[in-house]
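# Observations on the model geometry
Here is what each chain is made of, one letter per residue.
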Amino acid sequence: MKVLITAGGKGTRLKSLSGELPKPLMPVCGKPVLEYVIETCKSHGFCDIVLLVGYGADQIKEHFGDGSGFGVRIEYSLEEEPLGTAGCVKNAAALADDDFFLLHGDVYSELDLSLFFKFHKEKGALASIFVHGSTHPYDTDIVELNSEGRVEGVLHRPGKDERFVNLSNAGSFIFRREVMELIGEGKQNLERDLFPLLISSEKGLFGYISDDYTKDMGTPDRFAAVEKHIVVKQFVEERKGTKKAVLLDRDGTLNKEVGLVDSLDRIELLPGVAEAVKVLNGKGYLLIIVTNQPQVARGMCSIEEIEAMNARVKELAEAEGGKIIDVFYCPHHPETQHADAPYSEYRKACECRKPQAGMILEAIYRHGIDPGKSYLIGDSWRDIVAGNRAGVTTIFIGEKEGLKKRADASHYVDGVLKAALEVIE
Ligand SMILES: [Zn+2]
């Protein structure tokens, strides 16, 4: 199966970073962004690549050649003049096969292409599009799905008063060959010209929802976030840390979960927690809290109030002489409703909210932790998925039913103290 990758961008918005380089050659942590895209393809066994080149074609060909230096096979489709985001695809029709991917050569993505393709085949779709929660939902194309996952419409840059589910076009597609026939001649745009035809076609356009890390680098802030992500990822994968740690969820793990814990007087430590903290310190573990606090995004309390509650939990948990060295919290929530509520700037998708591994990876990086020697204790499937993603050993202390089919923890015990005494060596 072929992978078509658009590689004709000039990189105007990030000119200060890319200079005169074609956008796909823009270095990210010292390596052209297109190399990361090709590595993702290769890691899923998709090694037949067609680069759709235009601006800077010679520089791109010189860097990538026939792909043999990168462990893939690369062909080129040259746009003599700009044909738009869909026109360049039609231009490569002779090189495409029955189903093919279309990826952007300037978007950093760790999308699981194998799962995406499985979804596309199961739906029998004419086209599939990868959608995810956006970190900038009011500045993007929101994709509207029906209950079967079929795309019913696209909302371009929604207003703050509009109601929508935060799912945006993440710039990766799978098309059946017939799509080529729907694309008109000359300059054609994917979203403007092709999407309406796909949406109204019999077999349809389906949205594949995933939270696999993917970020465009359209602003300096997003570019910096991708570089930071790569640095942290390499630190974790190369096991550069040496310390051992136990990462602790907060509500329901350390203190009682009484609805959404939104004020200091609702903080009540669970039995055995202070003793567990002391025991774990005694076994040589660093202790770190990693907690989702969407109450901020929901307008229920401020950052200052969350930090005061975190400090109270920490103080109570340290009462028997143990020490918690750091607290990471996520104030975000991906839902976009009530954009007029206080603190609505936190209503967006992010990389820190569990089940994403962002907070855990950041803790590993900042404190020099070896995930292979470390644990996570939590009472929700989100904790366990996040811990598994970060490569730490997971301990579930909630009702086993609560995990349902979402995740598998390494250990199941009743409470933090038991975990400290019986599971963690
Ligand atoms: Zn977050």
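Now for a quick tour of the structure. (Residues numbered from 1 in each chain as written. Predicted model: local features only at pLDDT ≥ 70, side-chain atom pairs only at ≥ 80, totals over all residues. Heavy atoms only, no water.)

## Re the overall build of the chain
The helix and strand tally for the chain stands at 14 helices and 19 strands. Relative to the compact-globule value of 22 Å for 425 residues, the chain shows a C-alpha radius of gyration of 24 Å, a close match. Dimensions of the chain, computed from C-alpha atoms along their principal axes, come out at roughly 75 × 45 × 40 Å. Excluding contacts between residues fewer than 6 apart, the proportion of contacts in the chain whose partners are at least 24 apart in sequence is 70%. Roughly 18,800 Å² of accessible area belongs to the chain as shown, and the carbon and sulfur atoms make up 48% of that amount. In the chain, 52 side chains carry a positive charge and 66 a negative one; their mean positions are 2 Å apart. (Helix = DSSP H or I, 4+ residues; strand = E, 2+ residues; numbered from the N terminus. Rg over C-alpha atoms; globule rule 2.2 N^0.38 Å. Contact = heavy atoms within 4.5 Å. Areas by Shrake-Rupley, 256 points an atom, 1.4 Å probe, with all protein chains shown as cover. Lys, Arg positive; Asp, Glu negative; His and termini not counted. Charge placed at Lys NZ, Arg CZ, Asp CG, Glu CD.)

## Considerations on the coordination of the zinc ion
The zinc ion binds to the protein through Cys330 (SG), His332 (ND1), Cys350 (SG) and Cys352 (SG); the donor distances cover 2.0 to 2.3 Å. Metal-centred angles of 103 to 119° between the 4 donor atoms at the zinc ion mark the site as tetrahedral. Along the chain, the residues that donate to the zinc ion are spaced as C-x1-H-x17-C-x1-C. With histidine 332 in the loop between strand S16 (326-330) and helix H11 (358-367) and cysteine 350 in the loop between S16 and H11, this pair connects stretches of sequence that are 18 residues apart. Residue class for histidine 332 comes out buried when judged on its relative accessible area of 13%. Taking relative accessible area as the criterion, cysteine 350 reaches 13% and is therefore assigned buried. (Donors = N, O, S within 2.8 Å, 3.2 Å for Na, K, Ca; no water. Tetrahedral: all angles 85-135°; square planar, octahedral: opposite > 155°, others 65-115°. Buried < 20%, exposed > 50% of the residue type's maximum accessible area, 1.4 Å probe, protein only.)

## Section: the environment of arginine 163
With respect to the helices and strands, arginine 163 occurs in the loop between strand S10 (151-156) and strand S11 (168-176). On the basis of relative accessibility, which here comes to 62%, the residue arginine 163 falls in the exposed class. On a C-alpha basis, the gap between arginine 163 and glycine 149 in space is 18 Å, while along the polypeptide they are 14 residues apart.

## Quick notes on the packing of helix H2 (residues 33-43) against helix H3 (residues 57-64)
Contact geometry of H2 with H3 gives a least axis separation of 12 Å together with a crossing angle of 50°. As far as their axial angle goes, H3 and H2 are oblique. Handedness of the crossing formed by H2 with H3: right-handed. For the pair H2 and H3, contact is made by Leu34, Glu35 and Ile38 and by Ile60, His63 and Phe64, respectively. (Axes fitted to C-alpha atoms, helices over the stretch in contact; angles between N-to-C directions. Parallel < 35°, antiparallel > 145°, perpendicular 65-115°, else oblique. Left-handed = near helix turned anticlockwise from the far one by under 90°.)

Without other data, these values stay purely geometric and don't point to any function.
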